[in-house]
Amino acid sequence: MKVEGREAAPETALAYLELAARFFAGRGIASARLDAELLLAEVLGTDRIGVYLRFDRPLAGTEVDAYRALVKRRGGGEPVAHLLGRREFWSRSFVVTPDVLVPRPETELVVERALAAADAAGGRARPLRILDLGTGSGALAVTLAAELPQADVTAVDASPAALAVAGRNAAALGVAARTRFLASDWTTALAAAARFDLVVSNPPYVPSGDLADLPPEVRREPTLALDGGPDGLAAYRRIAAEAARVLAPGGALVCEVGAGQAAAVAALFEAAGLGAIGRFADLAGIERVVIGTSAGAPAARAAS
Ligand SMILES: C[S@@+](CC[C@H](N)C(=O)[O-])C[C@H]1O[C@@H](n2cnc3c(N)ncnc32)[C@H](O)[C@@H]1O
C-alpha cells in the first residue's frame, strides 16, 4: 500500500492495518488503531473481530485499493462515521451523513437518565410524550422511541437536511409511526397547546471562539450542531425557558452539557422555574447531564 509516497510489497491484513495505524498516529489521530481496524473491517465486509481472524491473510488488490482510498480520506480529516456512513448508538446502527453530528458515546448518558426519568414518572409502559430538541441523526428521539414502546416522540431540528437523516433512521429502526419530525427553531413551530412529559436535548455547546481549535474531523461536522454562541450557553438559555413552557406538570428536561457547563446550565434551569435539579457525571467524573423537573405531579394517562 502506498501511503505518503512509500510503497510496500503485498502483505497480510495485519501489516496493512499496522501501516494505516502508524499513518493515522503520525497525523495526530487519537483513535489511530481503532480507526484503522474499523476501516479495514469495512473493506473486508466484516466486524472488528472478523479483522482479527483475518490478520494472516493477504489482501487482494481490490481490497488494498479500497483500503488505501479510505485511509487517505481519514488521514485527510474525514470522520470514520462519515466514511462508513453509520455509527453505533445505544447498540443500534444509525445512518450518519455530513449533515448531522456523529452521535457520541457521552450522549448515551442522556438516554440513561431519560429512561430513569420515565421509570420515575410511572414506568416505561406509559404513553409518554417526548420532545427531542435538536435531533440531528435522531439518536435520542429514535432510541427513546425504540426503548419506550408506548411513547409518542416529536423531534425538531433547524436543519431540514438533518431531519431527513433522522427520518431515515426512524424508518430503518422501526419507529417511524410513533416519531414525527418538525423543522423548527427550538419550540417555535410547535402547536401552542403541545405538552410533553419528557424533553431531551443535546444542543450545540461549543463556545464560538473555540470552534477553530476543534480536531479536524469535528470541524467537518455542521457548525449549527456545534456553535453554542459566545459563552457556549446560548442554546441552553432558549431551551430552559421554552422547555419550562412545554413541559407537562411533573415533566423532566434532560440535557447534555459540555465539560464545565453543568453549574451554569443548572442555574439556567432554576431561573426558568424548574426544580429538583440533578447533575450527572460520566465514568470519567465529568458532569455531562443536567436534569430539571416542572412543578406538579404527572397526570395519569392511559396507554392507547
Ligand atoms: C449537538 S447536535 C445533537 C444531535 C443529536 N441530538 C445527537 O445527540 O447526536 C445539535 C443539533 O441541534 C440542532 N440545532 C441547532 N440550533 C437549533 C435551533 N435553533 N433549533 C433547532 N435545532 C437546532 C443542530 O442542527 C443539531 O442537529
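Since this is a predicted model, take the numbers as computed values, not measurements.

Undergrad: Summarise the overall build of the chain; cite the residues concerned and give the values.
TA: Secondary structure summary: the chain contains 12 helices and nine strands in total. Against the 2.2 N^0.38 benchmark of 19 Å for 304 residues, the chain shows a C-alpha radius of gyration of 21 Å, consistent with a compact globule. Dimensions along the principal axes, computed over C-alpha positions, put the chain at roughly 70 × 45 × 35 Å. Considering the chain as a whole, with its 304 residues, one finds that 49% of them fall into the buried category. Expressed as a percentage of contacts within the chain between residues at least 6 apart in sequence, the contacts between residues at least 24 apart total 64%. Surface summary for the chain: the accessible area is close to 13400 Å², and the carbon and sulfur share equals 55%. Between the mean site of the 32 positive side-chain charges and the mean site of the 35 negative ones, the chain shows a separation of 3 Å.

Undergrad: Account for the layout of surface pockets, naming residues and giving values.
TA: Taken as a whole, the largest pocket encloses approximately 750 Å³ of empty space. Lining the largest pocket are 30 residues, and of these Arg 87, Arg 104, Glu 106, Val 218 and Glu 221 lie nearest its centre. Only helix H2 (32–44), helix H5 (80–84), helix H9 (216–219) and helix H10 (223–226) provide two or more residues apiece to the lining of the largest pocket. The biggest single contributor to the lining of the largest pocket is H2, with three residues. In terms of residue class, the lining of the largest pocket is built from 18 nonpolar, three polar and nine charged. Here the lining of the largest pocket gathers at least three residues from each of two domains, domain 1 (13–76) and domain 2 (86–293). Here the second largest pocket is characterised by a volume of approximately 460 Å³. Secondary structure elements with two or more residues in the lining of the second largest pocket: helix H7 (139–147), H10 and helix H11 (234–246). Each residue belonging to the lining of the second largest pocket can be placed in one class, and the counts come to 17 nonpolar, 11 polar and six charged.

Undergrad: Pulling in residues and values, what's your account of the environment of Arg 129?
TA: Along the chain, Arg 129 falls in strand S3 (residues 129–133). Arg 129 gets classed as partly exposed once you look at its relative accessible area, which sits at 22%.

Undergrad: I'd like a description of the site of the ligand, backed by residues and values.
TA: Among the 16 residues in the neighbourhood of the ligand, the closest are listed as Gly 134, Asp 157, Asp 185, Trp 186 and Asn 202. Measuring from a nitrogen atom of the ligand, one finds a backbone N or O atom of Gly 134 at 2.9 Å. Between a nitrogen atom of the ligand and a main-chain N or O atom of Ala 158, the distance comes to 3.1 Å. Across the complex, the protein chains shield 94% of the 600 Å² of accessible surface that the ligand would expose by itself. The cavity that encloses the ligand is the second largest pocket. The residue makeup of the shell around the ligand, split by class, is eight nonpolar, six polar and two charged.

Undergrad: Explain H11 residue by residue, including any values.
TA: The end-to-end C-alpha distance of H11 is 19 Å, a good match for the 18 Å that 13 residues give at a rise of 1.5 Å each. Of all the positions in H11, only Ala 235, Tyr 236, Ile 239, Ala 240, Glu 242, Ala 243 and Val 246 are classed as buried. If you follow the buried residues of H11, they end up packed against S3, strand S6 (196–201), strand S7 (247–256) and helix H12 (262–271).

Undergrad: Can you lay out the pairing of strand S5 (residues 179–183) for me, pointing to particular residues and giving the numbers?
TA: As paired strands, strand S4 (residues 152–157) and S5 are joined by five bridges and run parallel to one another. Bridge pairing links Thr 154 to Arg 180 in S5. Running through helix H8 (residues 160–172), the crossover from S4 to the neighbouring parallel element S5 is right-handed.

Undergrad: Please give an account of the nonpolar core that cites residues and values.
TA: Membership of the largest hydrophobic core comes to 29 residues, with the highest contact counts inside it found for Ile 130, Leu 144, Leu 148, Leu 198, Val 200 and Val 254. For this core, the element with the most residues is helix H6 (residues 108–120), which contributes seven residues. The contacts of Leu 198, once residues within four sequence positions are left out, are Ala 114, Ala 117, Arg 129, Ile 130, Leu 131, Leu 247, Ala 252 and Val 254. Residues Val 199, Leu 233, Leu 253 and Phe 269 belong to the second largest nonpolar core, which totals 27 residues.

Undergrad: Talk me through the pairing of S7; I want residue IDs and the actual numbers.
TA: Of all 10 residues that make up S7, nine are buried, and the element is covered over most of its length. Bridge count for S6 against S7 is five bridges, and the pairing is parallel. Across the sheet, residue Val 200 finds its bridge partner in S7, namely Val 254. The sheet contact formed by S7 and strand S9 (residues 287–293) spans five bridges and is antiparallel. Bridge pairing links Cys 255 to Val 290 in S9.

Undergrad: So what about the domain arrangement of the chain? Which residues, and what values?
TA: Taken as a whole, the chain is organised into domain 1 (13–76) and domain 2 (86–293). A separation of 33 Å is found between the C-alpha centroids of domain 1 and domain 2.

Rules of the game
- Residues numbered from 1 in each chain as written.
- Predicted model: local features only at pLDDT ≥ 70, side-chain atom pairs only at ≥ 80, totals over all residues.
- Heavy atoms only, no water.
- Helix = DSSP H or I, 4+ residues; strand = E, 2+ residues; numbered from the N terminus.
- Rg over C-alpha atoms; globule rule 2.2 N^0.38 Å.
- Buried < 20%, exposed > 50% of the residue type's maximum accessible area, 1.4 Å probe, protein only.
- Contact = heavy atoms within 4.5 Å.
- Areas by Shrake-Rupley, 256 points an atom, 1.4 Å probe, with all protein chains shown as cover.
- Lys, Arg positive; Asp, Glu negative; His and termini not counted.
- Charge placed at Lys NZ, Arg CZ, Asp CG, Glu CD.
- 1 Å grid on protein atoms, 1.4 Å probe; cavity = no way out; pocket = protein on both sides within 12 Å on 5 of 7 lines; lining within 4 Å.
- Points joined across faces, edges and corners; volume = space filled by probe spheres on them.
- Nonpolar A, V, L, I, M, F, W, Y, C, P; charged D, E, K, R; others polar.
- Domains from an automatic or database assignment.
- Near = heavy atom within 4 Å.
- Polar contact = N/O pair within 3.5 Å; in protein donor to acceptor, adjacent residues only side chain to side chain.
- Sits in = over half its atoms within 2 Å of the grid points.
- Expected span 1.5 Å × (residues − 1).
- Pairing = 2+ DSSP bridges.
- Right-handed = clockwise from strand over helix to strand, strands pointing away.
- Core = buried A, V, L, I, M, F, W, Y, C linked by side-chain atoms within 4.5 Å.

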